[in-house]
Amino acid sequence: MPPFTACVVQTPSYPYDKAGNLQRALDTMETAAAQGASLILFPEMFLTGYLIRNKLEELSESLEDGPALAALSAKAKALSMGVLMGLPLKNPTGKPYNAIVMIDRDGTIAGVQAKTHFFGGEEKMFSPGEALQAFDTSFGRMGILVCYDGEFPETARSLALDGAKMICMCAANMTPYEDYHFVYMRTRAMENRIYTLYCNYVGNEKRFHYCGQSGIFHPTGRILAEADQETPGLLYAPIDLADTTAEDDYLNYLRHRHPELYHPALRD
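Since the structure is predicted, the reported quantities are computational estimates derived from the model, not experimental observations.

Participant: Break down the overall build of the protein for me, with residues and values.
Facilitator: The secondary structure content of the protein amounts to 6 helices and 14 strands. The globule rule puts the C-alpha radius of gyration for 268 residues at 18 Å, and the 17 Å found for the protein is close to it. Each of the three principal axes of the protein carries a C-alpha extent, and together these read 50 × 40 × 35 Å. Across the 268 residues of the protein, 51% fall into the buried class. Long-range pairs, those at least 24 residues apart, make up 68% of the contacts in the protein with a sequence separation of at least 6. Here the protein has roughly 11,700 Å² of accessible surface; of this, 53% comes from carbon and sulfur atoms. Positive and negative side-chain charges of the protein, numbering 23 and 33 respectively, have mean locations separated by a distance of 2 Å.

Participant: Any details on the side chain of Ser-214? Residues and values, ideally.
Facilitator: With respect to the helices and strands, Ser-214 occurs in the loop between β11 (208-211) and β12 (215-217). On the basis of relative accessible area, Ser-214 is assigned to the buried category, the value being 0%.

Participant: Before we move on, could you go through the pattern of salt bridges and cite the residues and values that matter?
Facilitator: Tallying each qualifying case throughout the model produces 9 salt bridges. The residue Glu-30 makes a salt bridge to Lys-75 at a minimum N-O spacing of 2.6 Å. With a gap of 45 residues between them, Glu-30 in helix α1 (residues 18-34) and Lys-75 in helix α3 (residues 67-79) connect regions that are remote in the sequence. Taking the relative accessible area as the measure of exposure, Glu-30 reaches 37% and is therefore partly exposed.

Rules behind the numbers
- Residues numbered from 1 in each chain as written.
- Predicted model: local features only at pLDDT ≥ 70, side-chain atom pairs only at ≥ 80, totals over all residues.
- Heavy atoms only, no water.
- Helix = DSSP H or I, 4+ residues; strand = E, 2+ residues; numbered from the N terminus.
- Rg over C-alpha atoms; globule rule 2.2 N^0.38 Å.
- Buried < 20%, exposed > 50% of the residue type's maximum accessible area, 1.4 Å probe, protein only.
- Contact = heavy atoms within 4.5 Å.
- Areas by Shrake-Rupley, 256 points an atom, 1.4 Å probe, with all protein chains shown as cover.
- Lys, Arg positive; Asp, Glu negative; His and termini not counted.
- Charge placed at Lys NZ, Arg CZ, Asp CG, Glu CD.
- Salt bridge = Lys/Arg side-chain N within 4 Å of Asp/Glu carboxyl O.

The values reported here are purely geometric and, on their own, carry no functional implication.
Below, the structure is given as structure tokens:
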């Protein structure tokens, strides 16, 4: 795949203001495209805000015919830009999913990942994701993690073993957990020799203070872009998936594993 420029959006979301957040996303896509970006990430539940329990079902979007997803798809196609958007997705058999939808450059939905690991009572609001797998896009094979999912090394390793060359994590990480995600995603890049892109909120939402520190990391762990804990803004970095293949074999962790030595739960 040819190199491309990725953009990570560190921003507040305005709870319950789905229309306003959507318009901000569409405008930000235009801004990023003007800077040469062709892939853009928004945080977890950005479209609606995170703490919307009393209107979660009402604000949830249908994957098949959701109007906000249709608007994002049209903009993605017009700009030839891939976009990852955090939002609640309707679930016909239960509570909504806390999901990230990846819309490719042609406006089609290339992948969907519902949050699989819950933190702080989220199971009361959401249904868990039923699978964790990589998928193919025009940018290359990709995996998605939703916030707390990224705090488990097994999730990124599973995606890497499924062929992902890039993992995008969209989060709503808050104090007092500063540094956790930044350190974890840099580590996930190094231990799997993949790119990792991490997108987080800043600002306040009810009882939460979001701690920023979004970043983009090279497969060697080099920090390509990083944000502070408070400032909204756009991070840009070049991505070349050819860099996921090293010139030597010294740190090929995926190939050098010995699953037969590990706990049975880790052997597959």
